[in-house]
Amino acid sequence: MATLNGVEAGDDVILGGSPVFTFASANVGTGITINTSGYTISGTDSGNYTLTQPTLSGDITAKELTITGISGCDQSHMMVPQLPVPLEHVYLGWSCWSG
C-alpha cells in the first residue's frame, strides 16, 4: 500500500487516485524504468504540497516457448536390385511420430 512521506504533523493531506504503472521498454532486460501516473493528493492542506509520481524499476525476462501439435513420418525403402522391379518386391516402411 502506498503512503505519503513528508506530510507535516496535523496537516490534512490524503493520497488517492488510480495509479498506472508502465514499463519504459517492452524488451527483455533488467533495471527497466517503470513510470507511474495517476496518484493524486487531496485534503484541506494539499495545496501546500506537490506530489511527485514515483519512478520504479523492474526486470522483464524472456518467456520460453515450445512447439506442439506437429507430426511427421520417416520413410524407408528396400528394393530388390533387379530391374524392372515388380511392385510386390518393393517394401515401404513408415515410422510416424507426433509432438
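In what follows, the structure referred to is the one given above.
Computed from a predicted structure; not experimentally measured.

How each quantity is defined
Residues numbered from 1 in each chain as written. Predicted model: local features only at pLDDT ≥ 70, side-chain atom pairs only at ≥ 80, totals over all residues. Heavy atoms only, no water. Helix = DSSP H or I, 4+ residues; strand = E, 2+ residues; numbered from the N terminus. Buried < 20%, exposed > 50% of the residue type's maximum accessible area, 1.4 Å probe, protein only. Areas by Shrake-Rupley, 256 points an atom, 1.4 Å probe, with all protein chains shown as cover. Pairing = 2+ DSSP bridges. Axes fitted to C-alpha atoms, helices over the stretch in contact; angles between N-to-C directions. Lys, Arg positive; Asp, Glu negative; His and termini not counted. Salt bridge = Lys/Arg side-chain N within 4 Å of Asp/Glu carboxyl O. Contact = heavy atoms within 4.5 Å.

Undergrad: Hey, could you run me through the overall build of the protein chain in this one?
TA: Check the secondary structure of the protein chain and you find 0 helices and 5 strands. Shown N-terminal to C-terminal, the secondary structure of the protein chain runs as helices and strands in the order β-β-β-β-β. Here the protein chain holds 99 residues, and 10% of them are scored as buried. Total accessible area computed for the protein chain in this model is approximately 8000 Å², and 56% of it derives from carbon and sulfur atoms.

Undergrad: Is there a simple way to explain the sheet that holds strand β1 (residues 14-23) in this structure?
TA: Picture the strands of a sheet paired through backbone hydrogen bonds; they go either parallel or antiparallel. The strand order across the open sheet formed by 3 strands is β1-β2-β3, and the pairing between neighbours is antiparallel. Of all the strands in the sheet, just β1 and β3 (55-60) have a single pairing partner and so form its edges. Each neighbouring strand pair of the sheet contributes to a mean axis angle of 30°, computed without reference to strand direction. Two elements, β1 and strand β2 (residues 29-42), share 8 bridges in a ladder whose sense is antiparallel. Within β2, the position partnered with G16 by the bridge is T40.

Undergrad: I would appreciate a short explanation of the pairing of β2 in the present structure.
TA: Remember that side chains alternate between the two faces of the sheet whenever the strand is regular. Counting the residues that bridge the hairpin from β1 to β2 gives 5 residues. As paired strands, β2 and β3 are joined by 5 bridges and run antiparallel to one another. Opposite N35, over in β3, you have T55 as the bridge partner.

Undergrad: Is there a simple way to explain the side chain of D45 in this structure?
TA: Assignment of secondary structure puts D45 in the loop between β2 and β3. Buried and unpaired, D45 has no salt bridge, with K63 as the nearest side chain of opposite charge at 49 Å. Residues contacting D45, with those up to four places away along its chain left out, are G10, D11, D12 and V13.

Undergrad: Help me out: how do you make sense of the environment of T61 in this one?
TA: Inspection of the secondary structure puts T61 in the loop between β3 and β4 (71-79). T61 sits in the exposed class, given a relative accessible area of 65%. On a C-alpha basis, the gap between T61 and V28 in space is 5.3 Å, while along the polypeptide they are 33 residues apart.

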